[in-house]
Amino acid sequence: VKVAVLISGTGTNLAALIAYAKEPASCAQIALVISNKSGDVEELRNAARAGIPTRVVDHKLYGSRSEFDCTIDRVLEEFSVELICLAGFMRILSSAFIRKWNGKILNICPSLLPSVKGGNAHKQVLQAGVKVTGCTVHFVLEEANTGAIILQEPVSVNTDDTEETLLERVKEAECRVFPIALQLVASGVVRLGEI
Ligand code: GRF
């Protein structure tokens, strides 16, 4: 199954997905990496080195969200992509795009949905004083962070944790869970059902 990974950030999850997809048992093949950040993107170089085609689609060059999404969609079609992994992709996709790719978009979230949502998950966790956080891989639906959950991994919150230490430990869990979730979907074991 041909998979595109969309990134905006440091690409830790991307590296984990690429490593997993190289294993003989993997049903997923990373066929394309797209970043919305232009400039010197180290992780795109790493992907290129692994022989994976890379593209930059810079959102700043587009007048609207739908123009940006149409360009992404065109690139996905060009590479015959069948599944999309959002691995720290910080743009919200338009409804039309999400409807078209319904059941085909996986996102990783650095918290246990649905209890903690939003961009500042680790801060919320520390402020609330909860003792367990974690990460969630879910299908993307039109409303952010509401999609069906594919896999989660819990991470204990220690008394001396800071946002940074929590981010690091949750990311380690993300890198374990995302490849497994991708394999579940790519192999057809898990798919988005009717609601
Ligand atoms: C991850 O923590 C992901 O959950 C969040 O963005 C971060 C991306 O990190 N949405 P990286 O680019 O994989 O290092």
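Residues numbered from 1 in each chain as written. Predicted model: local features only at pLDDT ≥ 70, side-chain atom pairs only at ≥ 80, totals over all residues. Heavy atoms only, no water.

J.: Go over the site of the ligand, please, and point to the residues and values.
T.: Neighbouring the ligand are the residues Gly-9, Thr-10, Gly-11, Thr-12, Asn-13, Gly-88, Ile-108, Cys-109, Pro-110, Lys-171 and Glu-174. In this structure, an oxygen atom belonging to the ligand sits 2.6 Å away from a side-chain N or O atom of Lys-171. The protein chains hide 86% of the 370 Å² of surface that the ligand would expose on its own. With respect to the detected pockets, the ligand is housed in the largest pocket. Of all the elements in the fold, those that place two or more residues in the shell around the ligand are α1 (12-21), β5 (105-109) and α6 (163-186). For the shell around the ligand, a count of residues per class yields three nonpolar, six polar and two charged. (Near = heavy atom within 4 Å. Polar contact = N/O pair within 3.5 Å; in protein donor to acceptor, adjacent residues only side chain to side chain. Areas by Shrake-Rupley, 256 points an atom, 1.4 Å probe, with all protein chains shown as cover. 1 Å grid on protein atoms, 1.4 Å probe; cavity = no way out; pocket = protein on both sides within 12 Å on 5 of 7 lines; lining within 4 Å. Sits in = over half its atoms within 2 Å of the grid points. Helix = DSSP H or I, 4+ residues; strand = E, 2+ residues; numbered from the N terminus. Nonpolar A, V, L, I, M, F, W, Y, C, P; charged D, E, K, R; others polar.)

J.: Lay out the pattern of salt bridges in plain terms, naming residues and giving numbers.
T.: Across all of its chains, the model carries eight salt bridges by this definition. In this structure, the salt-bridge partner of Lys-100 is Glu-77, at a minimum N-O distance of 2.5 Å. Highlighted residues: Lys-100 in helix α4 (residues 95-100) and Glu-77 in helix α3 (residues 65-78), separated in sequence by 23 residues. Note that Glu-153 and Arg-176 form a salt bridge whose closest N and O atoms lie 2.6 Å from each other. Residue Glu-153 is located in strand β7 (residues 149-156), and its partner Arg-176 is located in helix α6; the two are separated by 23 residues in the primary sequence. The partly exposed category is assigned to Arg-176, whose relative accessible area is 44%. Put simply, Asp-73, Glu-77 and Lys-100 are held in one network by salt bridges that share partners. (Salt bridge = Lys/Arg side-chain N within 4 Å of Asp/Glu carboxyl O. Buried < 20%, exposed > 50% of the residue type's maximum accessible area, 1.4 Å probe, protein only.)

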